[in-house]
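Structure at a glance
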Amino acid sequence: MSSSPNYPLNIPSTDLRSTGSHEAVCKPAPATTYDYIVVGGGAGGIPVADKLSQAGHKVLLIEKGPPSTGRWGGTMKPDWLKPTNLTRFDVPGLCNQIWVDSAGIACTDTDQMAGCVLGGGTAVNAGLWWNVSWVFTPD
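The residue count restarts for each chain, going from 1 along the sequence in the order it is written. Whole-chain, interface and lining totals are the exception, using all residues; otherwise, since this is a predicted model, local features are given only for residues with pLDDT of at least 70 and side-chain atom pairs are given and counted only at 80 or more. Derived side-chain values reflect all non-hydrogen atoms in the structure, with water molecules and hydrogen atoms excluded from consideration.

1. A short note on the state of the cysteines
The condition that has to hold: Throughout, a disulfide means two cysteine sulfur atoms within 2.5 Å of one another. For each residue, the accessible area found with a 1.4 Å probe, counting protein chains only, is set against the maximum for its type, and the residue is called buried under 20%, exposed over 50%, and partly exposed in between.
Summed over the entire model, instances satisfying the criterion amount to one disulfide. Across the disulfide, cysteine 107 is cross-linked to cysteine 116 (sulfur-sulfur distance 1.7 Å). On the S-S bond that ties cysteine 107 to cysteine 116, the torsion sits near 100°, and the link is right-handed. Comparing cysteine 107 with cysteine 116 shows no difference in burial state: the two are buried.

2. Observations regarding the pattern of salt bridges
This is how the line gets drawn: The working definition used for a salt bridge is a side-chain nitrogen of Lys or Arg within 4 Å of a carboxyl oxygen of Asp or Glu. To qualify as a helix, a DSSP run of H or I must reach at least 4 residues; to qualify as a strand, a run of E must reach at least 2; elements of each kind are numbered from the N terminus.
Enumeration over the complete set of coordinates arrives at three salt bridges. Between lysine 64 and aspartate 109 there is a salt bridge, and its shortest N-O distance comes to 2.4 Å. Of this pair, lysine 64 sits in the loop between β2 (59-62) and α3 (120-125) while aspartate 109 is found in the loop between β2 and α3, placing the two residues 45 residues apart along the sequence. A relative accessible area of 45% means that lysine 64 is categorised as partly exposed. On the accessibility criterion, aspartate 109 (57% relative accessible area) is exposed. In this structure, arginine 88 and aspartate 101 form a salt bridge, with 3.6 Å as the shortest nitrogen-oxygen distance. In this pair, arginine 88 sits in the loop between β2 and α3 while aspartate 101 sits in the loop between β2 and α3, placing the two residues 13 residues apart along the sequence.

3. Topic: the side chain of serine 68
Inclusion rule: What qualifies as a polar contact is a pair of N or O atoms within 3.5 Å, subject to a donor-acceptor requirement within protein and to the restriction that residues adjacent in sequence count only when both atoms come from side chains.
The topology assignment puts serine 68 in the loop between β2 and α3. A polar atom in the side chain of serine 68 sits 2.6 Å from the backbone oxygen of leucine 118.

Structure (structure tokens):
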């Protein structure tokens, strides 16, 4: 997504804060017409939906999984992160937690490991690819 979107971002069709569940809550489709419907809010779907909407098209982005990062309303986190707005997707290294706890994150309708969260596999693996900006101040 662009850093300062000029269009409304109404993401939470899944509100984990109210249900306390890691399962998606299905809602009826809006009675609106769209120029484009993008299925999957992963590494391909999010930028495509973003570019189309920036070009003035009316776009519906459909993601079956829950929000991932704290920025988008995600709530999946270990106890030590509870006092923060961060989730397991915001912290480098916690991406490996999917191998021991994939409930609500891994797709159950495919025989391959795939991330069914906002951001898809990119959100699950993001912690592996963070480019840290080191600041060095000599004494």
